[in-house]
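Examining the three-dimensional arrangement
This is what each chain is made of:
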Amino acid sequence: MSRQKRTSIDLSLKPPKAVIAAVDCGSADDTEQSLDELVMLLENIGVPVAARVVQKRNIPDPAHFIGAGKALEIKEYALPNEVTHLVVDDFLSPTQKSNLQKVTGLQVWDRAFVIMKIFESRAHTAEAKLQVELAQYRYEIPSLKGLGHQMSRTGGGIGTRGPGETEFERHRRKLDRRMKSIEQRLDDVRKRREERRDRRRRDGVPVAALVGYTNSGKSTLLQALSKDAGIVAKDQLFSTLDTVVRKIGYRGGEGHFLLSDTVGFIRKLPPALVAAFRATLEEAANADLLLLVLDSADKEPIETLGIVLDTLNDLKADHLPRIVVLNKIDKSGEAADFIAVELRARGERVVCTCALDGRGFDELLGEIKKIFESEVALTGIKDIL
């Protein structure tokens, strides 16, 4: 009995170490880049990666996501290498997660769970914490449904409800009540933001929004342009979860605009998080101009741009006028010039910047002013017509 207890304690104290897994359905390059991102995501919560597994399949296995045979191979690798977690680079169904845990004996996470853990660690304000909590409930409920079914089935008989069903329903009602309470509070936040946006429109103050991949330098840009050292700007994923708005003056002191910064994007951003952060993300969708920030030192900046544009499309913000801000030119050097040429050939308006030393700021502010002035002129023509 004591030997069994010691084993349990040893397992609980074992430091986390993961094997990451993906299914390649024909886009190997994208799979590897997505796995590279997953490694970074796990590093942000202190989980090192021991190995990565990629299985080629036409579609993911409905029962295990990866094949049962591949799951057994992971189990055999995990035992001697002290692996504690299997992290799948996609979204798992409750059945897939449960089956993988049974086969491998490991804790099984999916990409959505990892991203939500990072959001949870970054949430400091009351609003951000509410949004993360709501996303977690939305993520948890499908698993809860499956659990309720299993509990009912294990003790059920003909004409009976099963001993676990009542507890499941009670927990589900509790979650539903909490979710409705959070949604109401976040709706109040949305209404207040709409009122502020209406006041800005009446006052004629244009609004630009920083959008782009997480850790592309958006917060550092806002900090430098606004000269506000109090803005949090860290070299880490999802350092900004709340909307931050600052007044930015043009060079020469003539006129100003408002610039907002909000949560960054990433591949396979969990739908539950997108839905929960709707009030925050709407700041971008309701802006007059988007500053789409790209890390010019990114391995695949054009592909990253595509992911950002897809996300903006989901937010119904892809139609807004935009400037692509190729940031971090201190790290990319001449590569930024080649990227800029390719983007301009695609019809994008591009400005190269370094948020750390202010290079490109004059050009960026000049382009912003041109766009806002042209919009004012067009509005005046429409009013006359």
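Please read these numbers as outputs of a predicted model, since none were measured by experiment. (Residues numbered from 1 in each chain as written. Predicted model: local features only at pLDDT ≥ 70, side-chain atom pairs only at ≥ 80, totals over all residues. Heavy atoms only, no water.)

**Describing the sheet that holds strand S6 (residues 244-249)**
Within the open sheet, the six strands sit side by side as S6-S7-S5-S8-S9-S10. Their pairing is mixed. Two strands close off the open sheet at either side, each with one partner strand: S6 and strand S10 (350-352). In this sheet, neighbouring strand axes are inclined to one another by 25 degrees on average, regardless of whether the strands run parallel or antiparallel. In the sheet, strand S9 (residues 322-327) pairs with S10 via three bridges, with the strands oriented parallel. Considered in S10, the bridge of Leu326 is made with Cys352. Running over the sheet, helix H8 (residues 218-226) touches strand S5 (207-212), S6, strand S7 (256-261), strand S8 (289-295) and S9 and is turned about 40 degrees from S6. (Pairing = 2+ DSSP bridges. Helix = DSSP H or I, 4+ residues; strand = E, 2+ residues; numbered from the N terminus. Axes fitted to C-alpha atoms, helices over the stretch in contact; angles between N-to-C directions. Contact = heavy atoms within 4.5 Å.)

**Describing the UniProt feature "binding site: Mg(2+)" (unreviewed entry) in the protein**
In the numbering adopted here, UniProt assigns the feature "binding site: Mg(2+)" (unreviewed entry) to Ser219 and Thr240. Judged by maximum C-alpha separation, these annotated positions cover 22 residues in sequence but sit close together in space, the widest gap being only 7.4 Å. With respect to the element layout, Ser219 can be found in helix H8. Among all residues touching Ser219, those that are not within four sequence positions of it are Ile231, Val232, Ala233, Thr240 and Asp261. Within the fold, Thr240 resides in the loop between H8 and S6. Accessibility expressed as a relative area gives 11% for Thr240, which makes it buried. (UniProt positions renumbered as here; feature names shortened; annotations may be inferred. Buried < 20%, exposed > 50% of the residue type's maximum accessible area, 1.4 Å probe, protein only.)

**Comments concerning the packing of helix H11 (residues 301-314) against helix H13 (residues 335-345)**
Relative to each other, H11 and H13 sit at 45 degrees, their axes nearing to 11 Å. Taken together, H11 and H13 sit at an angle that is classed as oblique. Taking contact as the criterion, the partners of Pro301, Ile302 and Leu305 in H11 are, on H13, Ile339, Glu342 and Leu343. (Parallel < 35°, antiparallel > 145°, perpendicular 65-115°, else oblique.)

**Structural notes on the confidence of the model for the protein**
The predicted coordinates should not be examined in detail at positions where pLDDT is low. Averaged over all residues, the pLDDT of the protein equals 84, while 87% of them reach at least 70. The spread of mean pLDDT over the elements of the protein runs between helix H1 (residues 2-13), the lowest at 44, and S10, the highest at 97. Scored below 50 in pLDDT, residues 148-161 makes 12 contacts in the model with residues more than four places away or belonging to other chains. Segment residues 377-385: pLDDT under 50, and zero contacts once partners within four positions in sequence are set aside and those in other chains are kept. (pLDDT = per-residue confidence, 0-100.)

**Notes on the pairing of strand S4 (residues 107-110)**
Where strand S3 (residues 85-88) and S4 come together, four bridges link them in parallel fashion. In the strand pairing of S4, Val87 is matched with Trp109. With helix H4 (residues 94-104) bridging S3 and the parallel S4, this β-α-β connection has right-handed handedness. (Right-handed = clockwise from strand over helix to strand, strands pointing away.)

**Observations regarding the packing of aromatic side chains**
On inspection of all chains with the given rule, the structure shows six aromatic pairs. Ring centres 5.2 Å apart and planes at 45 degrees place the aromatic pair Trp109 and Phe113 in the tilted group. By relative accessible area, Trp109 is classed as buried at 11%. A ring pair is formed by Phe119 and Phe277, whose centres lie 5.3 Å apart and whose planes are at 85 degrees; its orientation type is edge-to-face. In this pair, Phe119 sits in helix H5 (residues 111-122) while Phe277 sits in the loop between helix H9 (271-276) and helix H10 (278-285), placing the two residues 158 residues apart along the sequence. A residue is classified by how much of its surface remains accessible, and Phe277, at 1% relative accessible area, is buried. (Phe/Tyr/Trp six-rings, centres within 6.5 Å; stacked < 30°, edge-to-face > 60°.)

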